Amino acid sequence: MLTDRFRGTPRPASPSAGSPVRRRTLLTGTAGASLALMALAACDEEDAELGPQEPDTEAVADLEVVYREDPASRGDWTVWIVGYDLPDGEEAPPLYEATTQQARHEALQAKKAEKQWTREDPLLVLDPYGSTRTGLYVFFEDGSAGELDALVRAASTADFGRTIANHATGTGFEGLVVGLVPGAHNTLTLTWRPEDSAEETGDSGEGAGDGGEGASVSGENGASGEGVGELRIKAPTTESGYGTSLAAEITDADALTPGLFALNGVTALSNNTYLFDNTGTMRGEVLSGDTATHRFAPEGGRIVTTTGSRQIGVLDPFGHATDLIDLGDHSVHHDLTLVGDVAYVLTSDSTSDRVEDRVVRVDLGTGEVAQVVDLQEVLPEYESRAHAQEGEAGGSAVPGKDWIHVNSIDIVDGVMILSARETSTIIALDDALDPGSEPSVRWMIGVQELWEGTGYEDRFLAPEGTVIGNAGQHTVRRLDDDSLPEGQFYLEMFNNNYWDLGTRDEADWQDAGPENATTDEHDGVSHALRYLVDEASGSFREDSVVELPYSSVVSSVFRLGDGGIDQPMITNSGRANEFSERTADGSILASYRYDSASHGYRVYKDPFDGFWFSGQ
């Protein structure tokens with residue numbers, strides 16, 4: 001077995017350099033590998049810093065990254081796996097630290113520079129940065145630009161064919177093949193289709209990038225001299241042991257959009273995000289940190305997500321955490337949204353006795369972090385009427401008075417829209433985006449009676465006609481439509497339809513909720529609920545209601561494509577452990593059942609076009 005070790009710039013020998021040092025090698029990406037290697041916790045709470053992490057140059061030089069041939073892979077080319085050579089008794093470094101990521105990055109660059117990798121002899125590395133588990137990095141130089149087709153076959157699953165996004169500068173190929181089924185014996189066929197010689201591989205002009213399950217690739221298997229090769233890879237199992245097949249009921253496979261579903265917040269079954277294809281087969285796992293990844297945002301050639309309870313991470317298409325930004329005393333929960341190069345993140349301040357009532361602004365370019373909203377300062381009269389609930393606040397890594405429980409954030413045209421689950425209120429804020437500004441309430445939608453005496457009664461929009469009231473809602477999103485007059489827009493949400501408050505006396509809330517809402521935690525009906533809001537008249541009306549499996553808490557509704565009301569929707573009823581893809585009007589195209597100890601938090605879907613795949 002071949003082994004390569006990579007270290008940074010050599011350092012002078014220490015005084016004890018003459019003594020032998022016993023070292024042990026830990027490998028990542030292999031089934032049964034030590035879970036200690038996947039230590040993902042962010043900085044210790046006592047050492048929490050604020051702002052962008054910078055790698056420690058000396059620590060990078062000391063961390064010896066090891067490349068070894070994967071003993072679980074066979075075929076036309078060598079597959080390499082990554083680990084560390086560590087002194088006895090030394091634990092593997094946390095994955096989502098700048099030093100670790102830099103050491104792994106330098107090791108990959110050194111491996112790339114080791115020789116000239118060609119299409120007949122490419123560099124293949126399983127999960128080089130430790131974040132994608134079964135992602136296969138592919139790199140080679142060539143005299144032409146081109147496209148790489150990948151076809152994955154595994155027992156008892158549909159074939160998975162994709163054209164892989166090419167991130168090479170100029171000619172050749174560099175990209176990450178996502179599609180291997182964790183824990184399975186996968187047969188992977190890779191076909192290189194250079195632009196200047198389509199005939200060389202027998203290409204018919206159609207690759208695997210049409211987005212359909214089971215799309216085929218061109219060329220003859222095993223003809224590595226022609227840029228085609230076959231590998232048999234026993235992929236690493238999921239870190240948690242989570243199953244790789246969902247119970248799927250597919251009504252119209254042809255109508256499903258291309259891409260991968262991203263399931264996260266699966267209770268008691270790791271904090272990671274699981275990626276499933278349209279057949280319900282897992283095609284990847286993106287590792288998280290010491291808290292569940294509730295928001296997974298692919299945008300602008302990157303994935304912005306939480307990589308720790310007090311950390312935001314930016315992943316590139318190869319799985320490299322290029323930026324890790326620590327939030328100091330702020331602990332993330334539930335949601336974040338992107339406005340250009342700025343992330344707005346829902347947080348709890350661990351130095352406060354209140355939780356889930358803050359928003360911080362994170363500049364992804366500079367790493368600057370600043371609090372922009374403290375809802376107690378915006379709504380002091382209501383906060384003073386609430387008391388601490390019994391038990392812990394759901395979704396928060398720190399304890400405290402969960403008096404408003406903000407669970408989603410959206411920003412459009414400079415207006416911040418928050419979903420406050422505890423009060424079943426949707427709150428729009430002005431002047432909430434910049435440090436030092438003074439946020440103010442623009443309007444609210446919810447149960448006005450609950451806010452009597454606070455001074456905010458006149459901020460509530462008035463319902464027109466009969467409406468299903470929002471109760472315990474999640475994922476409130478503003479949807480604009482060019483056909484609407486100025487000042488009108490849609491608000492769409494997962495309406496849990498569950499009316500319950502743990503921070504007010506029953507006399508204050510029990511009989512005040514929407515008529516349709518239930519107080520039963522386990523029996524009811526939820527909705528994909530859409531309102532038409534008219535800011536000019538200060539009113540809203542019900543525009544669309546789709547009944548969904550009941551989930552008293554958690555859950556999500558998201559539109560695909562450009563997010564318009566004419567686009568398909570993805571719904572997740574977290575307590576029912578069921579998500580679905582639906583037509584624009586809510587008709588089911590496919591539904592999927594998953595396992596959890598209690599619930600799955602949210603489900604997204606993305607084509608990952610230009611990121612992992614091409615031409616979908």
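See above for the structure.
Residues numbered from 1 in each chain as written. Predicted model: local features only at pLDDT ≥ 70, side-chain atom pairs only at ≥ 80, totals over all residues. Heavy atoms only, no water.

Trainee: Give me the lowdown on the overall build of the chain, citing residues and values where you can.
Mentor: What the chain contains, in helices and strands, is five helices and 39 strands. Considering only intrachain contacts with a sequence separation of at least 6, the fraction spanning at least 24 residues in the chain is 62%. Total accessible area on the chain stands at roughly 23,200 Å², and carbon and sulfur atoms take up 43% of it. (Helix = DSSP H or I, 4+ residues; strand = E, 2+ residues; numbered from the N terminus. Contact = heavy atoms within 4.5 Å. Areas by Shrake-Rupley, 256 points an atom, 1.4 Å probe, with all protein chains shown as cover.)

Trainee: How would you explain unusual backbone geometry if you had to name every residue and give the values?
Mentor: One non-glycine residue with positive phi stands out, namely Arg133, at about 65°. When you line up the elements, Arg133 lands in the loop between β7 (123–126) and β8 (136–140). Classification of Arg133 as buried rests on a relative accessible area of 6%. Phi is positive for Ser555, close to 95°, though the residue is something other than glycine. (Buried < 20%, exposed > 50% of the residue type's maximum accessible area, 1.4 Å probe, protein only.)

Trainee: So what's going on with the nonpolar core? Which residues, and what values?
Mentor: Ranked by size, the top nonpolar core spans 62 residues in total, and within it Tyr67, Leu136, Val138, Leu188, Leu190 and Trp612 carry the most contacts. Looking at this core, the element that brings in the most residues is strand β6 (residues 79–87), giving six residues. Setting aside its immediate chain neighbours within four residues, Leu188 contacts Leu136, Ala150, Leu151, Val152, Val177, Leu180, Gly229, Glu230, Leu231 and Ile233. Core analysis: the next-biggest nonpolar cluster, separate from the first, contains 36 residues, Val359, Ile409, Met416 and Met444 among them. (Core = buried A, V, L, I, M, F, W, Y, C linked by side-chain atoms within 4.5 Å.)

Trainee: Pulling in residues and values, what's your account of the sheet that holds strand β24 (residues 358–363)?
Mentor: Across the sheet, which stays open at both edges, the four strands sit in the order β22-β23-β24-β25 with antiparallel pairing between neighbours. Single-partner strands in this sheet number two, and they are β22 (330–339) and β25 (369–374). Neighbour-to-neighbour, the strand axes of this sheet turn through a mean angle of 30°, independent of strand direction. By the bridge criterion, seven bridges tie β22 to strand β23 (residues 342–349) in an arrangement that is antiparallel. Within β23, the position partnered with His330 by the bridge is Asp349. (Pairing = 2+ DSSP bridges. Axes fitted to C-alpha atoms, helices over the stretch in contact; angles between N-to-C directions.)

Trainee: Just give me the short version of the sheet that holds strand β12 (residues 185–194), but keep the residues and values in it.
Mentor: The strand order β5-β13-β12-β9-β10 describes an open sheet built from five strands, whose pairing is antiparallel. Only two strands of the sheet have a single partner each, and these edge strands are β5 (73–75) and β10 (160–164). On average, adjacent strands in this sheet sit at an angle of 20° to one another, irrespective of strand direction. Sheet topology places strand β9 (residues 146–154) next to β12; nine bridges connect them, and they run antiparallel. If you follow Val152 over to β12, its bridge partner there is Leu188.

Trainee: Go over the packing of aromatic side chains, please, and point to the residues and values.
Mentor: For the coordinates displayed, the defined rule picks out 20 aromatic pairs. Grouping aromatic residues by their ring pairs yields a cluster made of Phe261, Phe579, Tyr592 and Tyr594. The ring of Phe613 carries the charged tip of Arg162 above its face, separated from the ring centre by 5.7 Å. (Phe/Tyr/Trp six-rings, centres within 6.5 Å; stacked < 30°, edge-to-face > 60°. Lys NZ or Arg CZ within 6 Å of the ring centre and 35° of its normal.)

Trainee: Please set out the side chain of Asn495 residue by residue, giving values where relevant.
Mentor: Here Asn495 is to be found in strand β32 (residues 488–495). Note on Asn495: relative accessible area 0%, which makes it buried. A distance of 3.4 Å separates the side chain of Asn495 from the backbone oxygen of Gly469, its partner in a polar contact. Setting aside residues no more than four positions away along its own chain, Asn495 makes contact with Ile468, Gly469, Asn470, Ala471, Gln473, Asn516, Ser526, His527 and Leu529. (Polar contact = N/O pair within 3.5 Å; in protein donor to acceptor, adjacent residues only side chain to side chain.)

Trainee: Which residues make up the pattern of salt bridges, and what values go with them?
Mentor: Within this structure, the stated rule accounts for 33 salt bridges. Across the pair Arg283 and Asp277 runs a salt bridge, and its minimum N-O distance is 2.9 Å. One exposure class covers both Arg283 and Asp277, and it is buried. Between Arg530 and Asp543 there is a salt bridge, with the nearest N and O atoms lying 2.8 Å from each other. You can see Arg530 sitting in strand β33 (residues 526–534) and its partner Asp543 sitting in strand β34 (residues 539–548), a full 13 residues away along the chain. Accessibility expressed as a relative area gives 8% for Arg530, which makes it buried. (Salt bridge = Lys/Arg side-chain N within 4 Å of Asp/Glu carboxyl O.)

Trainee: Lay out the environment of Gly367 in plain terms, naming residues and giving numbers.
Mentor: Along the polypeptide, Gly367 turns up in the loop between β24 and β25. Accessibility expressed as a relative area gives 3% for Gly367, which makes it buried. For the pair formed by Gly367 and Asp323, sequence separation is 44 residues and the distance between their alpha carbons is 8.3 Å. If sequence neighbours within four positions are ignored, Gly367 has contacts with Gly51, Pro52 and Ile325.

Trainee: Lay out helix α2 (residues 98–113) in plain terms, naming residues and giving numbers.
Mentor: For α2, spanning 16 residues, the distance from its first C-alpha to its last is 22 Å, which sits close to the expected 22 Å at 1.5 Å a residue. Along α2, the positions that sit buried rather than exposed are Ala98, Thr99, Thr100, Gln101, Ala103, Arg104, Ala107, Leu108, Lys111 and Lys112. (Expected span 1.5 Å × (residues − 1).)

Trainee: Please provide a residue-by-residue account of the pairing of β24, values included.
Mentor: Burial of β24 is extensive: six of the six residues sit out of reach of the surface. Burial of β24 is two-sided: the residues Arg358, Val360 and Val362 facing one way and the residues Val359, Arg361 and Asp363 facing the other way are all buried. Bridge count between β23 and β24: six bridges; the pairing is antiparallel. If you follow Val342 over to β24, its bridge partner there is Asp363. Bridge count for β24 against β25 is five bridges, and the pairing is antiparallel. When the sheet's bridge partners are listed, Val362 is paired in β25 with Val369. In this structure, the hairpin formed by β24 and β25 is closed by a connection of five residues, where Gly367 is found at a positive phi of approximately 85°.

Function cannot be read off these values alone, since they describe shape.
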